[in-house]
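# Examination of the molecular architecture
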Amino acid sequence: LGVAPRSVASFRVTALSDASHGAETPRAASNASASARTPNEEDDSLAAMLAVLRARAAEDAKDCSKSEDGAKVYLVGTGPGDPGLLTLRAYQLMRSADVVLYDRLVSNEILNLVRPEATLVYVGKRAGFHTRTQSEIHELLLAFADVRATVLRLKGGDPLVFGRGGEEMDFLRDNNKNVTVEVVPGVTAAAGVGSELGIPLTHRGMATSVRLLTGHLREGFSAKDTAKASDPVDFAVTSADVDTTLVVYMGLGTLPSLSEKLLASGFPANMPAVAVERGTTVDERRVFSSIADLPEAAKACELVSPTLLIIGRTVTLSPHWPYGDYDESASPYEPKWVEQCGTPRGSDYDDWKVWLDVDLAADDASDAQHFVPTREIHVDAF
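Let us look at the structure shown here.

About the thresholds
- Residues numbered from 1 in each chain as written.
- Predicted model: local features only at pLDDT ≥ 70, side-chain atom pairs only at ≥ 80, totals over all residues.
- Heavy atoms only, no water.
- Phe/Tyr/Trp six-rings, centres within 6.5 Å; stacked < 30°, edge-to-face > 60°.
- Helix = DSSP H or I, 4+ residues; strand = E, 2+ residues; numbered from the N terminus.
- Buried < 20%, exposed > 50% of the residue type's maximum accessible area, 1.4 Å probe, protein only.
- Pairing = 2+ DSSP bridges.
- Axes fitted to C-alpha atoms, helices over the stretch in contact; angles between N-to-C directions.
- Contact = heavy atoms within 4.5 Å.
- Core = buried A, V, L, I, M, F, W, Y, C linked by side-chain atoms within 4.5 Å.
- Salt bridge = Lys/Arg side-chain N within 4 Å of Asp/Glu carboxyl O.
- Expected span 1.5 Å × (residues − 1).

### Observations regarding the packing of aromatic side chains
- On inspection of all chains with the given rule, the structure shows six aromatic pairs.
- Between Trp321 and Tyr323, the ring centres sit 5.1 Å apart and the planes meet at 70°, which makes this aromatic pair edge-to-face.
- Ring centres of Tyr323 and Tyr333 lie 4.5 Å apart, and the angle between their planes is 10°; this geometry places the pair in the stacked category. Highlighted residues: Tyr323 in the loop between strand 12 (307-311) and strand 13 (338-341) and Tyr333 in the loop between strand 12 and strand 13, separated in sequence by ten residues. Pair check on accessibility: Tyr323 and Tyr333 agree, each one buried.
- An aromatic cluster is present here, built from Phe288, Trp321, Tyr323 and Tyr333 joined pairwise through their rings.

### Quick look at the pairing of strand 6 (residues 150-155)
- Of all six residues in strand 6, six are buried; the element is thus mostly enclosed.
- Residues Thr150, Leu152 and Leu154 point to one face of strand 6 and Val151, Arg153 and Lys155 to the other, with burial holding for every one of them.
- Note that strand 1 (residues 72-77) and strand 6 share six bridges and pair parallel. Residue pairing for strand 6: Val76 is matched across the bridge by Leu154.
- One ladder, built from four bridges, connects strand 2 (residues 99-102) with strand 6; its direction is parallel. Paired with Leu101 across the bridge in strand 6 is Arg153.

### What about the sheet that holds strand 11 (residues 285-290)?
- On the basis of which strands lie adjacent, the open sheet formed by six strands has the order 8-9-12-10-11-13 and mixed pairing. A strand with exactly one partner marks an edge of an open sheet, and here the two such strands are strand 8 (209-214) and strand 13. Pairs of neighbouring strands in the sheet enclose a mean axial angle of 15°, with direction left out of account.
- Across the sheet, helix 7 (residues 189-197) lies against strand 8, strand 9 (244-249), strand 10 (272-277), strand 11 and strand 12, angled at about 70° from strand 12, the strand it touches most.

### Thoughts on the sheet that holds strand 2
- The sheet built from five strands is open, its strands ordered 3-2-6-1-7 with parallel pairing. Each edge of the open sheet is held by one strand with a lone partner, namely strand 3 (119-122) and strand 7 (180-184). Taken pair by pair, the neighbouring strands of this sheet meet at an average axis angle of 20°, ignoring direction.
- Looking at chain direction, strand 2 and strand 3 are connected through four bridges and run parallel. Note on strand 3: the bridge partner recorded for Val100 is Leu120.
- Against the sheet, helix 5 (residues 134-146) contacts strand 1, strand 2, strand 3 and strand 6, and its axis sits at roughly 150° relative to strand 6.

### Concerning the nonpolar core
- Counting 38 residues, the largest nonpolar core has Leu262, Ile310 and Ile311 as the members making the most contacts within it.
- Those elements that provide at least two residues to this core are helix 7, helix 8 (232-239), strand 9, helix 9 (255-264), strand 10, strand 11, helix 10 (294-300) and strand 12.
- Residues Met94, Ala97, Leu154 and Val184 belong to the second largest nonpolar core, which totals 22 residues.

### As for the pattern of salt bridges
- Following the criterion strictly, the structure yields 18 salt bridges and no others.
- One salt bridge connects Arg153 with Asp103, and the closest N-O pair in it is separated by 2.7 Å. You can see Arg153 sitting in strand 6 and its partner Asp103 sitting in the loop between strand 2 and helix 4 (108-111), a full 50 residues away along the chain. Note on accessibility: Arg153 and Asp103 belong to one class, buried.
- One salt bridge in this structure joins Lys353 and Asp350, with 4.0 Å as the shortest N-O distance.
- The network of salt bridges with shared partners includes Asp103, Arg153, Lys155 and Glu168.

### Let's talk about unusual backbone geometry
- A cis amide bond links Ser305 with the next residue in sequence, Pro306, at an omega value of 5°.
- Here Pro306 lies in the loop between helix 10 and strand 12.
- The step from Glu334 to Pro335 runs through a cis peptide bond, and the omega angle for that step is -5°.
- With respect to the helices, strands and loops of the structure, Pro335 is situated in the loop between strand 12 and strand 13.
- We note that Thr280 has phi near 70°; this positive angle belongs to a residue other than glycine.

### Things to note about the side chain of Glu284
- Structurally, Glu284 can be placed in the loop between strand 10 and strand 11.
- Excluding residues within four positions of it along the chain, Glu284 makes contact with Glu196, Leu197, Val276, Glu277, Arg278, Gly279, Gln340, Cys341, Gly342 and Pro344.

### Section: helix 5
- Taking 1.5 Å per residue, 13 residues should reach 18 Å; helix 5 reaches 18 Å between its end C-alpha atoms and fits that length.
- For helix 5, the set of buried residues is Gln134, Ile137, His138, Leu140, Leu141, Leu142, Ala143, Phe144 and Ala145.
- Where helix 5 terminates, the next one or two residues include Arg148, which has phi positive at roughly 60°.

Structure (structure tokens):
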């Protein structure tokens, strides 16, 4: 199930373990025990939790003394990775939630800000492997909402920018008329990474528009299905021009095809581009190149997901751009690409901890006014 190493918290769902209800709520497992489970055991654990939650919801529905109000689900964006880019609203909800369903792109540092009493459930995805399908995530959200828990759905970036937040919102509203769904925006990767690197997404005289695209196919689609659906690469090519900044989320897998088709459509071979892995974090890597050479560069540098692509003339405005002013008629860049590592923010990367008065490395509560014990929560490290 991917439940983090905490005991099930003292909220309404914990009452499910009462003997009068004939079943026990699955306790939060350690990372070691969670990783040791077989897929069948994971499925059994999920099925057990859903069965108990649904049974409690059915009993509550028969009890006229219980209010129908109180089902609250918050779809919360955590930004591109830097905890300092969290919104105050996100932090407030993290300190009050009963249960938190979190994605792969939500870091341990951010998860450590969730109140210790909350139950954490990992529902992350990466290319080629999903711990839970989107339908199963929907069912989990609904089950927790049905017992009137305060549910936090933590997502990297912004919930409504390639985050499938709209699907989750619609499902909950369609299946529980009493649920309240609130979307808390987060800094989307295009804005966070672009701002950090000093790359304007629009700029007078250079880029009159910006287009945000995904390189991923829809879950459940194979490559052959693109003949029946919208191919993200074809859409990128038909919607792009030299006066547009193109930002591609999750685009590593389709980068070779994207580059080839952009060049075939008339894009200059030396159009500036950058691929940014784990943007805004201390583990950031960025590769500057041309659109023609970026696929080779990404492969040679062994970039992995999550990687954001930014393509367009405004890339040259970054103080980290290594090649000088852009000239469409100039020769190919030498060297073909330049790799850079680490956050550009330098020594002040963690200054948000001082402002918040939080010490994630303290040994005891006396070391910080708002002590948060450091825990290895994430079950699917980058």
